[in-house]
Amino acid sequence: MSGTSLTDGFVRGRWFLPTALVFGLVFLYGPIVTLVVYSFNESRLVTVWSGFTVKWYGSLAHNDQILDAAWLSLKIAVASATGALVVGTLAGYVLSRFTRFRGRTLFAGMVSAPLVMPEIITGISMLLMFVGLEQVIGWPAGRGILTIILAHITFCMSFVAVIVQSRLSGMDISVEEAAMDLGARPVQVFFLITLPLMAPALVAGWLLAFSLSLDDLVITAFVSGPGSTTLPLVIFSKVRLGLSPEINALATVIITVVSIGVFCAAMYQYRRGKSLA
């Protein structure tokens, strides 16, 4: 009886994991596949399939509102990711290399606060800060692209700092010590040894900050102003009035671009692994 029970348990376990995996993948990617399929739907009703067409992609290509918002979001995401990379790298380096200094606990808490702070709280705080600064010193003059970039740098910086700190904590510090023993100055050690070893973390941090900035809606809604409507704000305003097939087409384009990027990165890693082997 015990042997039969073990065999039945093994069979159930063997089928349970693949079944759970299939259900998980369907749950995650089923809505995305549905969205892509209905981007080719001839009907404007997203719940009714009336035939295959690509006219919504042509309509998207002539929609100046969406195209302008997408271009603005890309520019803001690039600027925000670059600024967050600089600030986050410095913060992560300080937290990793300088383990004891006055106020370190407070500094670490301030760096990691945006990670756990609800976005609506961050958005309200940034809005109040910008309004207060404008009343006191006259800067910034209203809310727009600059305030969005500053707000995105503020919360994206935390993610970059965590990635950089993790990378530096796992690095062998003896390499840097050996370089200094050979006469290299701290600045030379940082740019010639530490920075190249940090490169994967820097790329990952920049890409993560870029994605977070491009995707952000809540904080942007608080700190944006006239003439600074980003793509998430446009999509949200359109979805509230009813989902348009053009939004499905836009989402399909974004999914395609991201999928191509992931595939190219995977191929690069595969070929690099084969060359090193």
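Quantities reported herein were computed from a predicted structural model and do not represent experimental measurements. (Residues numbered from 1 in each chain as written. Predicted model: local features only at pLDDT ≥ 70, side-chain atom pairs only at ≥ 80, totals over all residues. Heavy atoms only, no water.)

### Some words on the overall build of the protein chain
The condition that has to hold: A helix here means a DSSP run of H or I that spans at least four residues, while a strand means a run of E at least two residues long, and both kinds are numbered starting from the N terminus. What the globule rule says is 2.2 Å times the number of residues to the power 0.38, and the radius of gyration is computed from C-alpha atoms. Note on classification: 1.4 Å probe, protein chains only; a residue is buried when its accessible area is under 20% of the maximum for its type, exposed when over 50%, partly exposed between these limits. Contact criterion: two residues are considered in contact whenever any of their non-hydrogen atoms come within 4.5 Å of each other. Surface accessibility follows the Shrake-Rupley procedure with a 1.4 Å probe radius. Residue values consider only the protein chains on display as shielding.
Along its length, the protein chain carries 11 helices and 0 strands. In summary, the protein chain has a C-alpha radius of gyration of 24 Å against a globular reference of 19 Å for 277 residues, an excess of more than 25%. Projecting the C-alpha coordinates of the protein chain onto the three principal axes gives extents of approximately 75 × 70 × 40 Å. Taking all 277 residues of the protein chain together, 30% fall into the buried category. The contacts in the protein chain between residues at least 6 apart in sequence include a share of 69% that link residues at least 24 apart. Summed over its atoms, the accessible surface of the protein chain is roughly 17,400 Å², and 71% of this surface lies on carbon and sulfur atoms.

### A short note on the packing of aromatic side chains
Basically, it comes down to this: Pairing of aromatic side chains requires ring centres within 6.5 Å, counting the rings of Phe and Tyr and the six-membered ring of Trp. Pairs whose planes differ by under 30 degrees are stacked, by over 60 edge-to-face, and all others tilted.
The final tally for this structure, using the stated rule, is 8 aromatic pairs. One aromatic cluster is present, built from ring pairs that chain together Y93, F98, F190 and F191.

### Focus: unusual backbone geometry
Geometrically, the link from W139 to P140 is a cis peptide bond, its omega value of -5° lying close to zero. Looking at the element boundaries, P140 is found in the loop between α5 (119–137) and α6 (145–169).

### Points about the side chain of T220
Test applied: Any pair of nitrogen or oxygen atoms within 3.5 Å is treated as a polar contact; in protein, a donor-acceptor pairing is required on top of that, and neighbouring residues in sequence qualify only through side-chain atoms on both sides.
Residue placement: T220 occurs in helix α9 (residues 218–223). Of note is the side chain of T220, whose polar atom sits 2.8 Å from the side chain of D216. Every residue in contact with T220, bar those within four places of it in the chain, is listed here: I148, H152, T230 and L233.

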